[in-house]
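# Remarks on the overall topology
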Amino acid sequence: MATSWPKSLGTFIGANTIAKRVEEMTNGRFKITPFAAGELVPGLQVLDAVQAGTVECGHTSSYYYIGKNPALAFATSVPFGLNAQQQNAWLYHGGGLAAIQKIYTNFNVINFPAGSTDAQMGGWFKKEIKSLSDLKRLKMRIPGLGGEVMSRLGVNVQVLPGGEVYLALDRGAIDAAE
């Protein structure tokens, strides 16, 4: 399993939990080995690797791939969107999972929800934002639909794997992150 996460990130722990549960449910007959971002493929290329058959499965966030289909944003978190419980209600009882899985068939991929980081906040900024003009030319890590919105507000949107955010903030490569 290729993932978009470093081993130190909680979402990688989620990938390990999935692997462990699959092994338990199959009495050890089916084993999944999660690999951190970059060990098999770069963190933002997990969907491509699964689609190409380079890896058997992946653990990633759909909003990294809105360039392939904008509706993939709704398989993850969107600005002012659903919390984890509402997202699960939509996926499992509101037809959301069937809709998202239909989109993924275009990539020869079957997807399953596998954890939630919940709704994301508006962002963490190095400098206080007092007006819309403060967003102009701000370098911000914010993928998905949130990135589209921020881009239209003049933000220089950066799409980075989650494990690269802190270092990018520390080195000044970005000024903010969602």
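As shown above, the structure is provided for reference.
Along each chain, residues carry numbers from 1 onward, in the same order as the chain's sequence is written. Where totals are concerned, whole chains, interfaces and linings use all residues; where local detail is concerned, this predicted model gives features only for residues with pLDDT of at least 70, and gives and counts side-chain atom pairs only at 80 or more. Working from all heavy atoms in the structure, the side-chain values ignore hydrogens and water.

## Some points on the overall build of the protein
- Secondary structure follows DSSP: runs of H or I at least 4 residues long count as helices, runs of E at least 2 residues long count as strands, and numbering of each begins at the N terminus. When you go through the protein residue by residue, the secondary structure sums to six helices and six strands.
- Ordering the α and β elements of the protein from the N terminus gives β-α-α-β-α-α-β-β-α-β-α-β.
- The quantity called the radius of gyration is restricted to C-alpha atoms. Its globule counterpart is 2.2 Å times the number of residues to the power 0.38. Computed over its C-alpha atoms, the radius of gyration of the protein comes to 17 Å, within 12% of the 16 Å expected for a compact globule of 178 residues.
- Overall, the protein is about 55 × 35 × 30 Å in size when its C-alpha atoms are taken along their principal axes.
- Summary of the burial criterion: residues with accessible area below 20% of their type's maximum are buried, those above 50% are exposed, and those between are partly exposed, where the area comes from a 1.4 Å probe applied to protein chains only. The 178 residues of the protein split such that 36% are buried.
- Pairs of residues are marked as contacts when any of their non-hydrogen atoms sit within 4.5 Å. Taking the contacts inside the protein whose residues are at least 6 apart along the sequence as the reference set, 55% of them involve residues at least 24 apart.
- To be clear on the numbers: accessible area is Shrake-Rupley with a 1.4 Å probe, and residue cover counts the displayed protein chains and nothing else. Roughly 10700 Å² of accessible area belongs to the protein as shown, and the carbon and sulfur atoms make up 55% of that amount.

## Considerations on the environment of lysine 31
- Inspection of the secondary structure assignment puts lysine 31 in the loop between α1 (10-25) and α2 (46-52).
- Along the backbone, lysine 31 and lysine 20 are 11 residues apart, and their C-alpha atoms lie at a distance of 7.9 Å.

## A few points about the packing of aromatic side chains
- Classification of ring pairs rests on two measures: the distance between centres of Phe, Tyr or Trp rings, Trp counted by its six-membered ring, which must be within 6.5 Å, and the angle between planes, read as stacked under 30 degrees, edge-to-face over 60 and tilted in between. In this structure the tally under the stated criterion is four aromatic pairs.
- For the pair tryptophan 5 and tyrosine 64, a centre-to-centre distance of 6.3 Å together with 40° between the ring planes defines the contact as tilted. One end of the pair, tryptophan 5, is in the loop between β1 (2-3) and α1; the other, tyrosine 64, is in the loop between β2 (58-59) and α3 (84-93), with 59 residues separating them in the sequence.
- Judged by relative accessible area, tryptophan 5 falls into the buried class, the value being 5%.
- Relative to tyrosine 65, the ring of tyrosine 64 lies with its centre 6.2 Å away and its plane at 90°, an arrangement referred to as edge-to-face.
- The exposure class assigned to tyrosine 64 is buried, which follows from its relative accessible area of 11%.

## Thoughts on the nonpolar core
- Val46, Tyr65, Leu72, Tyr104, Phe107 and Val109 are the most contacted members of the largest nonpolar core, which has 19 residues in total.
- Taken together, the elements giving at least two residues each to this core come down to α2 and α4 (96-105).
- Here this core gets four residues from one element, more than from any other, and that element is α2.
- Aside from chain neighbours lying at most four places away, what touches valine 46 is Ala2, Thr3, Ser4, Val41, Gly58, His59, Thr60 and Tyr65.
- The next biggest cluster of nonpolar side chains, apart from the first, holds seven residues, and it includes Leu135, Leu138, Met140 and Met150. Each nonpolar core is a collection of buried residues, namely Ala, Val, Leu, Ile, Met, Phe, Trp, Tyr and Cys, held together in the definition by side-chain atoms within 4.5 Å.

## Focus on the sheet that holds strand β6 (residues 176-177)
- Here a strand pair is declared whenever DSSP counts at least two bridges between the two strands. Judged by pairing direction, the sheet is mixed, and its four strands sit side by side in the order β3-β6-β4-β5 without closing on themselves. Pairing within the sheet leaves two strands with one partner each, and these edge strands are β3 (124-125) and β5 (156-158).
- Sheet topology note: the strand β4 (residues 139-141)/β6 ladder contains two bridges and is parallel. Following the sheet pairing, arginine 141 is matched in β6 by alanine 177.

## Things to note about α1
- One fewer than the residue count of a helix, multiplied by 1.5 Å, yields its expected span. Spanning 16 residues, α1 covers 23 Å between terminal C-alpha atoms, matching the ideal 22 Å at 1.5 Å per step.
- Every buried residue belonging to α1 is among Thr11, Phe12, Ala15, Ala19 and Val22, and all of these are buried. Projected down its long axis, α1 shows its buried positions confined to an angular sector of 115°, all on one face. α1 presents Ile13, Lys20, Arg21, Glu24 and Met25 as exposed residues on the side facing more than 90 degrees away from its buried surface.
- In this structure, the buried side of α1 is in contact with β1 and β2.
- Looking at the residues trailing α1, positive phi occurs at asparagine 27, about 50°. Directions pointing from the helix axis toward each C-beta atom define the arc.

## Some thoughts on a nonpolar patch on the surface
- A contiguous nonpolar patch, built from Phe74, Leu145 and Val149 and spanning about 230 Å² of accessible area, is present on the exposed surface.
- Within the secondary structure, leucine 145 is located in helix α5 (residues 144-152).
- Residue class for leucine 145 comes out partly exposed when judged on its relative accessible area of 31%. Exposure above 30% relative accessible area and the lack of any salt bridge qualify a residue for a patch; like charges then connect within 9 Å, and the nonpolar side chains Val, Leu, Ile, Met, Phe, Trp and Tyr within 5 Å. Every case where a carboxyl oxygen of Asp or Glu lies within 4 Å of a side-chain nitrogen of Lys or Arg is listed as a salt bridge.

## Overview of the side chain of serine 4
- Mapped onto the elements, serine 4 comes out in the loop between β1 and α1.
- With a relative accessible area of 0%, serine 4 lands in the buried category.
- A distance of 2.5 Å separates a polar side-chain atom of serine 4 from the backbone oxygen of glycine 43.
- Residues in contact with serine 4, not counting those within four places in the same chain, are Ala37, Gly43, Val46, His59, Thr60, Tyr64, Tyr65, Pro161 and Gly162. Here a polar contact is taken to be a pair of N or O atoms separated by no more than 3.5 Å, where protein atoms must pair a possible hydrogen donor with a possible acceptor and residues adjacent in sequence count only if both atoms sit in side chains.

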